[in-house]
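Chain by chain, the residues:
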4 protein chains.
Amino acid sequence: MWGMCSVPPHHREGRSGMYDDAVFVQERTVRIGDTDAAGIAYFASSLRLCHECYEALLEARNIGLREHFAPDGLALPIVHVEGDYKAPLRMGDRIRVMVTRCSLGNRSYTIEYAIVKESGEIALTAKTVHVAVMLPDMKATAIPEALREALSKTG
Amino acid sequence: MWGMCSVPPHHREGRSGMYDDAVFVQERTVRIGDTDAAGIAYFASSLRLCHECYEALLEARNIGLREHFAPDGLALPIVHVEGDYKAPLRMGDRIRVMVTRCSLGNRSYTIEYAIVKESGEIALTAKTVHVAVMLPDMKATAIPEALREALSKTG
Amino acid sequence: MWGMCSVPPHHREGRSGMYDDAVFVQERTVRIGDTDAAGIAYFASSLRLCHECYEALLEARNIGLREHFAPDGLALPIVHVEGDYKAPLRMGDRIRVMVTRCSLGNRSYTIEYAIVKESGEIALTAKTVHVAVMLPDMKATAIPEALREALSKTG
Amino acid sequence: MWGMCSVPPHHREGRSGMYDDAVFVQERTVRIGDTDAAGIAYFASSLRLCHECYEALLEARNIGLREHFAPDGLALPIVHVEGDYKAPLRMGDRIRVMVTRCSLGNRSYTIEYAIVKESGEIALTAKTVHVAVMLPDMKATAIPEALREALSKTG
């Protein structure tokens, strides 16, 4: 494991120092179930790790996502995803998965992520765009205030 | 791809000939997302392929599983799973995923599976045991008649 | 299941008619393992389905991806992914997963995808960008000629 | 999160008290990517969580699994898996994933697992059986001494 001191004081491009101000950070290890026969993390599994960090952020801020799964309530589906794979992740790699920024509109919000290796090298940057909709007809609606507050907090 | 003639007339142990009488068969190719860094199919992904074959069997027999996901209706959860890995599956391997047998009790049923390689070699045998329960309190109930009929048909 | 006639002759926006000229198409059913507790396909699983279609295209054109997993040979990692989720996919939905376009540079190529529902509604458009590199140091290299030819064929 | 005091002093059947002497424990939260449209953890994903705990145990004891992925070295494939699903796991559930026992033979070993809910209720018990083999011909071999020691330690 690493300490907080692993981030160098002077930020270099492509180094995690640029993420000193991450909104939320999870440390974990890349597991074999995250990888594929190319020996590195499967592209879609790396995105799952990012989404798990977003869920952990909401959990830490006391927002329950489960309540949004009622058939006639509010849902927060992903409408867009993007990822840039900058370095391979291998089984056993210690990583920090981060939410680096949350940007809020009225009815949608964007979560930005980075996965950073123990060396400080950035392996992935990604983003998911979510919309607030009312089920069952998926009409766009305002982001609930509690969620807005949770995503507006920094650090 | 292979033809049905790939199964030898004389059944040899460890060969798929013993599955001439499979209940349901799907042909597919092992994809990279099914594999892990050991270069072979991840143990849990192979079980997913089996379950997909069970779902395809129900689909082919006009049983909709989706209707069983209402919060207050019938559910058919898995209570037990078992798998025996006999040969590695690699990305690109052409396989036949089979339901080899369905066994019905009053309130539970067992689905048996095999994954067979193009060579006839058996890669995996597995089984899942399901119970019929009423939600939300998960009280055991009789298997619905339509499902019972669908699982009782052979071939 | 649907026939090829399911695509209407007059293309309407948001309808699959615009994909009459798809490079490669796979028909399949959304399985429960593709979905999550929101009742729809998990965002990363939908991307896996797209990648499986790209693998099937290569398989159909006799390109073996497995040979690219040697520790000192050519690799074709994904460096960028993007997806736009336009309609939810539910367990049991019959879908067509398509490679809609392949665009080739010297050392990189882009695969575009669509997932279309039986109704003709587009559920997802996505793209993956791949680079050709030599392992182990991941130096960019030219796309091999056989792969270039395979990805250049239309329909 | 819970403290170690959450395990009651008197062990009741079906309660985690019976796992006071777990070999290794990971706390985590069930994430939406672990679940399916039935609203609970997908059966194969729960097994992945168990395997991740086994990997974490090896990591904590300084055994690198990655070195076992060379094409001509030792491998430790799973030859058998079993799971008993005793209670549903839902997104957001806080769980403890445990290795409850390691049993060693000469050339194979068995890892037993439990997933326990915050309430103390056992959601899953499972086991994986592994064999030590030499690649590429998968001839059975003795379990390496360092692995044997790592799996022999208690608590």
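Criteria and cut-off values
Residues numbered from 1 in each chain as written. Chains lettered and ligands numbered in written order. Predicted model: local features only at pLDDT ≥ 70, side-chain atom pairs only at ≥ 80, totals over all residues. Heavy atoms only, no water. Phe/Tyr/Trp six-rings, centres within 6.5 Å; stacked < 30°, edge-to-face > 60°. Buried < 20%, exposed > 50% of the residue type's maximum accessible area, 1.4 Å probe, protein only. Axes fitted to C-alpha atoms, helices over the stretch in contact; angles between N-to-C directions. Helix = DSSP H or I, 4+ residues; strand = E, 2+ residues; numbered from the N terminus. Parallel < 35°, antiparallel > 145°, perpendicular 65-115°, else oblique. Contact = heavy atoms within 4.5 Å. Nonpolar A, V, L, I, M, F, W, Y, C, P; charged D, E, K, R; others polar. Salt bridge = Lys/Arg side-chain N within 4 Å of Asp/Glu carboxyl O. Buried area = accessible area lost by both parts, 1.4 Å probe. Polar contact = N/O pair within 3.5 Å; in protein donor to acceptor, adjacent residues only side chain to side chain. Least-squares fit on C-alpha atoms with pLDDT ≥ 70 in both.

Chemist: Which residues make up the packing of aromatic side chains, and what values go with them?
Modeler: Aromatic ring pairs are described here by two measures, namely the spacing of the ring centres and the angle between the planes. All names here are of chain A. This model, assessed by the stated rule, comprises 6 aromatic pairs over all chains. Plain terms: the ring middles of Tyr42 and Phe43 are 5.1 Å apart, the flat faces sit at 70 degrees to each other, and that makes the pair edge-to-face. Each member of the pair Tyr42 and Phe43 is classed as buried.

Chemist: Kindly report on the packing of helix α1 (residues 43–60) of chain A against helix α1 (residues 43–60) of chain C, identifying the contributing residues and their values.
Modeler: The contact between α1(A) and α1(C) brings their axes to 9 Å, and the two run at 175 degrees. With respect to their mutual orientation, α1(A) and α1(C) come out roughly antiparallel. Contacts between α1(A) and α1(C) pair Phe43(A), Ala44(A), Leu47(A), Arg48(A) and His51(A) from the former with Phe43(C), Ala44(C), Leu47(C), Arg48(C) and His51(C) from the latter. In terms of residue class, the contact of α1(A) with α1(C) is made up of 6 nonpolar, 2 polar and 2 charged.

Chemist: Explain the pattern of salt bridges to me, and be specific about the residues and the numbers.
Modeler: On inspection of all chains with the given rule, the structure shows 36 salt bridges over all chains. Arg94(A) is the salt-bridge partner of Glu27(A), the closest N and O atoms lying 3.3 Å from each other. Of this pair, Glu27(A) sits in strand β1 (residues 24–29) while Arg94(A) sits in strand β4 (residues 94–104), placing them 67 residues apart in sequence. Judged by its relative accessible area of 34%, Glu27(A) falls in the partly exposed class. What makes Arg94(A) buried here is its relative accessible area of 15%. Measuring nitrogen to oxygen at the nearest pair gives 3.9 Å for the salt bridge that ties Asp93(D) to Lys117(D). Of this pair, Asp93(D) sits in the loop between β3 (78–85) and β4 (94–104) while Lys117(D) is found in strand β5 (residues 108–117), placing the two residues 24 residues apart along the sequence. A relative accessible area of 17% means that Lys117(D) is categorised as buried. Here the salt bridges share partners, and the residues they tie into one network are Arg28(A), Asp34(A), Arg48(A) and Glu52(A).

Chemist: Any details on the interface of chain D and chain C? Residues and values, ideally.
Modeler: By a frequent convention, interface size equals the accessible area lost on bringing the separate parts together. Listed as interface residues are 8 residues of chain D and, on the opposing side, 8 residues of chain C. Carbon and sulfur atoms make up 75% of the surface buried where chain D meets chain C, a total of about 670 Å² over both sides. At the junction of chain D with chain C, the criterion picks out 0 salt bridges. Taken together, chain D and chain C are joined by 4 residue pairs in polar contact (both at pLDDT 80 or more). Split into classes, the residues belonging to the side of chain D that touches chain C amount to 4 nonpolar, 3 polar and 1 charged.

Chemist: Please give an account of the relation of the copies chain A and chain C that cites residues and values.
Modeler: Put simply, the two copies of the chain differ by a rotation about an axis and a shift along that axis. Once turned by 180 degrees and shifted 0.0 Å along the axis, chain A lies on chain C with an RMSD of 0.0 Å. Taken together, the rotation and translation describe the operation of a two-fold axis. Taking C-alpha positions as the reference, the residue of chain A nearest the rotation axis is Glu82(A), at 2.2 Å. An overlap of 100% is found between the interface residues of chain A and their copies at the interface of chain C, pointing to a shared contact surface.

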